[in-house]
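Topology and contacts: notes
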Amino acid sequence: MTGSTRTSRGAELGARLREGDLTAAAATLNLLESTAPSDVQQAAYLLSEVSPAKLGGEAKGHIIGVTGPPGAGKSTLLSALIRHLRESGYESVAVLAVDPSSRRSGGALLGDRVRIDFDPSDKGLFIRSTAAGERLGGLARGTRVAAQALAAAFDVVVIETVGVGQAETEIADAADTVVVVVQPGSGDVLQFIKSGVMEIPDVLVVTKADMGDIALRTTRDLNAALRSTGNRDTPVIRVSSLPPYPEFDALVQALEQSRIRKDLASHRSHLRRQGALADFIAEHGIAGLRAIGGRREAERLLGSLSPGLGEGEMESALTAALRRSIKDAP
Amino acid sequence: MRTYAGHSTAEASNELYRRNLEKGQTGLSVAFDLPTQTGYDADDELSRGEVGKVGVPIAHRGDMEALMKGIPLGEMNTSMTINATAAWLLALYIVAAESQNPPTPQQQLQGTTQNDIMKEFLARGTYAFPPGPSMRLIADMIAYTVEHVPKWNPINICSYHLQEAGATPEQEIAYSMSNAIAVLDAVKERLGDRADASTMGKVFGRISFFVNAGVRFIEEHAKLRAMSILWEELGRQRYGVSDEKQLRFRYGVQVNSLGLTEAQPENNVQRIVLEALAVTLGRNARARAIQLPAWNEALGLPRPFDQQWSLRIQQVLAYETDILDYPDIFEGSKVMDGLVSQLLEKARSEMAVVAEHGGAVQAVDYMKAALVESHRERIRRIEAGEQVVVGQNRFTETEPSPLTQDAEGGILVVDPAVEAEQIEAVRRWRSERDQAAVDAALAELSRVATDESPQRENLMVPTIAAARAGATTGEWAAALRSVFQSYRAPTGVGEASAAVPGPELQQLREQVSALQEALGRRPKILVGKPGLDGHSNGAEQIAVRARDIGFDVVYSGIRLTPSQIAKSALDEGVHVIGLSILSGSHLELIPAVIDALSEAGVEVPVVVGGIIPDQDVPALMQAGVAAVYTPKDFDLSKIMGEIVTLVKERAGAPA
């Protein structure tokens, strides 16, 4: 850990993101993914540069989580959604595609699952795929932190992952708005909602509307299930898998509505506190948590911090408390 | 006898055809370039480096008329190696025939279109539309030809390419039969009330196969016997066909190329002879037509001398041996019957799995993954020495070969000016035609394509109208793509099982772990296939092996432009890029990718794999390629070891 050039590497990337420099995205991800000790330090510098305190408010980018079972038509949906967002005035879109499949023999095959059609000359588009499960809390931490950083520069950050249930919960820990994609005729999502396993997503999308009656029935069933849980806010939108996709205006509008409905600052600082706590536990274990007085005490400590702190800074506060407790120990 | 030929431009090909016809050739065999095969015009970015390369570019009616100029189409038997765009090329052929003087009505046209889309999804990669709409196009075309072009063979089901992609004999049988079922069912549905036993018999009798024969020639012969049994059974039971002639399993064959080696290539002669025996030995399952590859195919394009040698093998077999003198020599053989029933049993159970998926169209992902897995297993056995390949993994010591010293003459090069001329020509064509008529014809095509009701019209009708109006290949395909959606076929790699750990693999994994320490994150490789070349076996096996040793692998299949590859490499933060190319366009496309990378600011090593002649290697290295791999580098572990070293050297430890 020597030299000022190193100190500035992370900070410089953070500053570039803050200024809306989209070309910093790839290097930012390279740094955030790294586990080399010097990089971890630099990553912390980067993240603190894009914390709400530094930005003078929450990051501008809308973090949208998109999840759903395999084969539900997510790739087609995303390709069309990205095109539509870019056409309806969003100047930049980042996509983080997370592959949750367990690593076999260490490596992972990425990009095979999500095949997003993209225009390579579009400078406002960034697509990155990562494998989950690299370290403890893999999907949650890596993706959350990356999305937070990119949201400083990009208008929209889409986190894409496959699955229903667990994945949906994890994505909810990282996103402002959660979209669950449902294929007509598949009962999974309906069951999840009815059984209460699933946190209610902000927007439900039924794909392949061109399947006609089946798509219509699925939409109706979802609406009924939502009503039975007392939910009136979650829109169910049917989209066709064939152009010209007239329904995408409604989808983009629903996404905007959902964001407006939320108190973004408190939602995000809540996520950061939760994230900091999860990271702390991943790092120091339950024993560490006990040493600082248990979960309740940790949450109280986090609640006393300025809500504009970044996740890393919040975690540092917990770590500092742990150090104090060790020093104070008899 | 025919020569598979297509030559850079319609005019040049026409000259060649006419010369061959004068020499007594009776049929035409047309090969098209990759843009024509996949539905792009020469001026499309994806066509770069591919125009006129593996066949003739046909962009519109005018090109087809020039190709067939002075050739009386009413007397010709024309075979077209065309699949995704077969309906369009047949339409152009029909229009060219009616515009000849004297005109030939479509009822008199004779010939074959390959028109087998499943093997494009599974092995060859020159598809244009998703499986469902592709099958609809095929069914429409078959229904149309049965009625209006009755002497045409609208489809040739290819199991050949499946074996090249690694299929076991039972997979080759099961997947090609399932494919045939999907086609016949679609035609039956298309014909509706008209699909009586007599019409279905006609359709059934028009379907022929194109199969493969490998060096395990006893088993391969059994495979063909099994296929003819299954085919007859299918005709009788599923489609109610009773005419013996219509029920006959008709097939042409090209013997295996996958098993030919670049090391000690003279051994390929023996292999080819044995493979030819597989399809000729027993009369009950003898091929109608045989094509033998050249002994040095793995080295580059064969010379006339090499092709002559292959022809002589057939002639020795036919005229010197007594192979044709006897009735079926395996009749009553317990061993052969046992082999056949074993294969039948395995193939039937695999067909049942495909049927469970809902048929071949729905089972594309499943079949692709199964093929990648079989191919992976085959490579593993060769690497482990369990499957002997003489001269490659055993008996590798060799005297210097007098045959390969002068191999350079074997490469045919297409003049790069051809591409520029074709681009110019297609633009001129567009500017000189009646644009309003073309627009109207394409709108009508879209309208018919959009209709998915059971009463929908036959797509051949607006396709022929668009051909007549002067639309181009790219416009026809684009109109259908915008309705059917473009499609990326499954790569099959995600499902491939992990390698069985051995000492070599373990060692590589340790090296990758060490590399990960040094890099700070897991090494990431982008495996890319630039251009229109669809031969993805090599890229898939590299992707799977890279994963097995611990790389994160970004692989999104075939047909990527240089700028797409560069953008992905940048966004994904990869440490190394592997490009695979087998179409012969490496000298155009590889430097284009490297330019795009440096423009994007990506400074990582690039390695190239594919059929790269030795004399092209210096030019690629000059362009900035770090290493070139060809079919003689069959040891994937060795390649991987070198890639790991390369990343280590180039990246160094992070600052």
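Just so it is clear, the structure is predicted and the values come from calculations on it, not from any experiment.

Rules behind the numbers
- Residues numbered from 1 in each chain as written.
- Chains lettered and ligands numbered in written order.
- Predicted model: local features only at pLDDT ≥ 70, side-chain atom pairs only at ≥ 80, totals over all residues.
- Helix = DSSP H or I, 4+ residues; strand = E, 2+ residues; numbered from the N terminus.
- Rg over C-alpha atoms; globule rule 2.2 N^0.38 Å.
- Buried ≥ 20, exposed ≤ 12 C-beta atoms within 10 Å, placed from the backbone.
- Contact = placed C-beta atoms within 7 Å.
- Expected span 1.5 Å × (residues − 1).
- Core = buried A, V, L, I, M, F, W, Y, C linked by C-beta atoms within 7 Å.
- Arc of directions from axis to C-beta.
- pLDDT = per-residue confidence, 0-100.
- Nonpolar A, V, L, I, M, F, W, Y, C, P; charged D, E, K, R; others polar.
- Pairing = 2+ DSSP bridges.
- Domains from an automatic or database assignment.

A few points about the overall build of chain B
- A tally of regular secondary structure across chain B gives 25 helices and 13 strands.
- Computed over C-alpha atoms, the radius of gyration of chain B comes to 25 Å, within 12% of the 26 Å expected from 2.2 N^0.38 for 655 residues, which places it in the range of a compact globule.
- Per-residue burial over chain B gives 53% buried out of 655 residues.
- Pairs at least 24 residues apart make up 78% of the contacts formed inside chain B by residues separated by at least 6 positions.

With respect to helix 5 (residues 74–87) of chain A
All names here are of chain A.
- Taking 1.5 Å of rise per residue, 14 residues should cover 20 Å, and helix 5 covers 19 Å from first to last C-alpha, within 8% of that figure.
- Among the residues making up helix 5, those that are buried are Lys74, Thr76, Leu77, Leu78, Ala80, Leu81, Ile82 and Leu85.
- After helix 5 finishes, the residue glycine 89 shows a positive phi value of roughly 105°.

Details of the nonpolar core
- Among the nonpolar cores identified, the biggest contains 270 residues, and Leu150 and Val157 of chain A together with Val553 of chain B are the most heavily contacted of them.
- Examining the composition of this core, we find that twelve residues originate from one element, helix 4 (residues 86–99) of chain B, more than from any other.
- If sequence neighbours within four positions are ignored, valine 553 of chain B has contacts with Gly107, Ala108, Leu109 and Leu110 of chain A together with Ile525, Val527, Ala543, Ala546 and Arg547 of chain B.
- Counting residues in each nonpolar core, the second largest holds nine residues, with Leu277, Ile292, Met314 and Leu318 of chain A among its members.

Description of helix 1 (residues 10–22) of chain B
Residues and elements named next belong to chain B.
- With 13 residues, helix 1 extends 18 Å between its outermost C-alpha atoms, agreeing within 8% with the 18 Å of an ideal straight helix rising 1.5 Å per residue.
- Of the residues making up helix 1, those classed as buried are Ala10, Ser13 and Tyr17. Down the axis of helix 1, the smallest arc covering the buried residues is 65°, so these residues share one side. Exposed residues lying more than 90 degrees from the buried face of helix 1 are Arg19 and Glu22.
- Structurally, helix 1 contributes buried residues whose contacts are with strand 1 (27–31) and helix 3 (61–67).
- Glycine 24 occupies a position one or two residues after helix 1 and carries a positive phi of about 110°.

Notes on the confidence of the model for chain B
Residues and elements named next belong to chain B.
- Considering every residue of chain B, the mean pLDDT works out to 90; 95% of them sit at 70 or more.
- Ignoring residues within four places in sequence, the model shows residues 1–6, a span with pLDDT below 50, making 16 contacts including any to other chains.
- Quick note on the complex model: pTM equals 0.85, ipTM equals 0.88.

Observations concerning the interface of chain B and chain A
- Opposite the 31 residues of chain B that make contact, chain A presents 28 residues.
- Looking at the side of chain B that touches chain A, the elements that each hand over two or more residues are helix 21 (537–548), strand 10 (552–555) and helix 22 (562–572) of chain B.
- Counting residues per element, the side of chain B that touches chain A draws most heavily on helix 22 of chain B, which supplies six residues.
- Residues that form the side of chain B that touches chain A fall into these classes: eleven nonpolar, eleven polar and nine charged.
- Summarising the sheet, strand 3 (residues 108–110) of chain A and strand 10 of chain B pair through three bridges and their orientation is parallel. Considered in strand 10 of chain B, the bridge of alanine 108 of chain A is made with aspartate 552 of chain B.

Focus: the domain arrangement of chain A
All names here are of chain A.
- Assigned domains of chain A: these are domain 1 (1–56), domain 2 (62–262) and domain 3 (263–330).
- Contact residues are listed per partner, giving 15 residues for domain 1 and 16 residues for domain 2.
- Mapped onto the side of domain 1 that touches domain 2, the elements with two or more residues apiece are helix 1 (4–18), helix 2 (25–33) and helix 3 (37–49).
- A per-element tally of the side of domain 1 that touches domain 2 places helix 2 first, with five residues.
- For the side of domain 1 that touches domain 2, the per-class residue count stands at ten nonpolar, two polar and three charged.

Here's the deal with unusual backbone geometry
Residues and elements named next belong to chain B.
- A cis amide bond, omega 0°, links asparagine 101 with the succeeding residue proline 102.
- Turning to its location among the elements, proline 102 is positioned in the loop between helix 4 and strand 3 (110–113).
- With phi around 40°, glutamine 264 is a residue other than glycine that occupies positive phi space.
- Considering the arrangement of structural elements, one finds glutamine 264 in the loop between strand 7 (251–255) and helix 12 (267–278).

What about the environment of glutamate 313 of chain A?
- Structurally, glutamate 313 of chain A is set in helix 13 (residues 311–328).
- The spatial distance from the C-alpha of glutamate 313 of chain A to the C-alpha of alanine 44 of chain A is 8.3 Å, given a sequence separation of 269 residues.

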